[in-house]
Amino acid sequence: VASSTDVTPSVFPAEPVSVKDIPFVFDPTLKSYSLEEVAHHSGHESPWIVVNNKVYDCTEFLRLHPGGADSILINAGTDSSEEFDAIHSIKAWKML
């Protein structure tokens, strides 16, 4: 279980896979990112978010997000689990 300062990257399946096969997922060989590291990715050029202790790089998804880029950027660099849960459908959860 990740500590309060570490989050586990989202990797499905648990075995290493090609990053091109999983959209907006980091290097699957990395085990965790600190919240401090995530906080460095709060801008338009490289927005990361944390949802339920998993780190997502939303850079490529900015232009595709149905709610617009601003809805991602407002939470970039943070744990946005509560915000994500509050407004996203089951379909969006399955996309993670």
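Please read these numbers as outputs of a predicted model, since none were measured by experiment.

With respect to unusual backbone geometry
- Although it is not a glycine, Asn52 sits at a positive phi angle of roughly 50°.
- One can find Asn52 in the loop between β3 (48-51) and β4 (54-57).
- In the Ramachandran plot, Asn53 falls in the positive-phi region, its phi being about 65° despite a non-glycine side chain.
- Looking at the secondary structure, you find Asn53 in the loop between β3 and β4.
- Judged by relative accessible area, Asn53 falls into the partly exposed class, the value being 38%.

Thoughts on the nonpolar core
- In terms of nonpolar packing, the biggest core is built from nine residues, these being Ile49, Val51, Tyr56, Cys58, Phe61, Leu62, Ile72, Phe84 and Ala92.
- Among the nonpolar cores identified, the runner-up in size contains five residues, and Tyr33, Val38, Trp48 and Val55 belong to it.

Points about the pairing of β3
- The alternating pattern of β3 places Trp48 and Val50 on one face and Ile49 and Val51 on the opposite face, and all of these are buried.
- Strand direction decides the pairing type here: β3 and β4, joined by four bridges, are antiparallel. Note on β4: the bridge partner recorded for Trp48 is Asp57.
- Following β3, the chain reverses through two residues before pairing antiparallel with β4; Asn52 in that reversal takes a positive phi of roughly 50°.

Some remarks on the environment of Asp57
- Summarising the element assignment, Asp57 is placed in strand β4.
- A sequence separation of 20 residues divides Asp57 from Gly77, and the C-alpha atoms of the two residues are 9.8 Å apart.
- For Asp57, the side chain forms a polar contact with the side chain of Thr59, separated by 2.5 Å.

Analysis parameters
- Residues numbered from 1 in each chain as written.
- Predicted model: local features only at pLDDT ≥ 70, side-chain atom pairs only at ≥ 80, totals over all residues.
- Heavy atoms only, no water.
- Helix = DSSP H or I, 4+ residues; strand = E, 2+ residues; numbered from the N terminus.
- Buried < 20%, exposed > 50% of the residue type's maximum accessible area, 1.4 Å probe, protein only.
- Core = buried A, V, L, I, M, F, W, Y, C linked by side-chain atoms within 4.5 Å.
- Pairing = 2+ DSSP bridges.
- Polar contact = N/O pair within 3.5 Å; in protein donor to acceptor, adjacent residues only side chain to side chain.

All we've got here are geometric facts, nothing functional implied.
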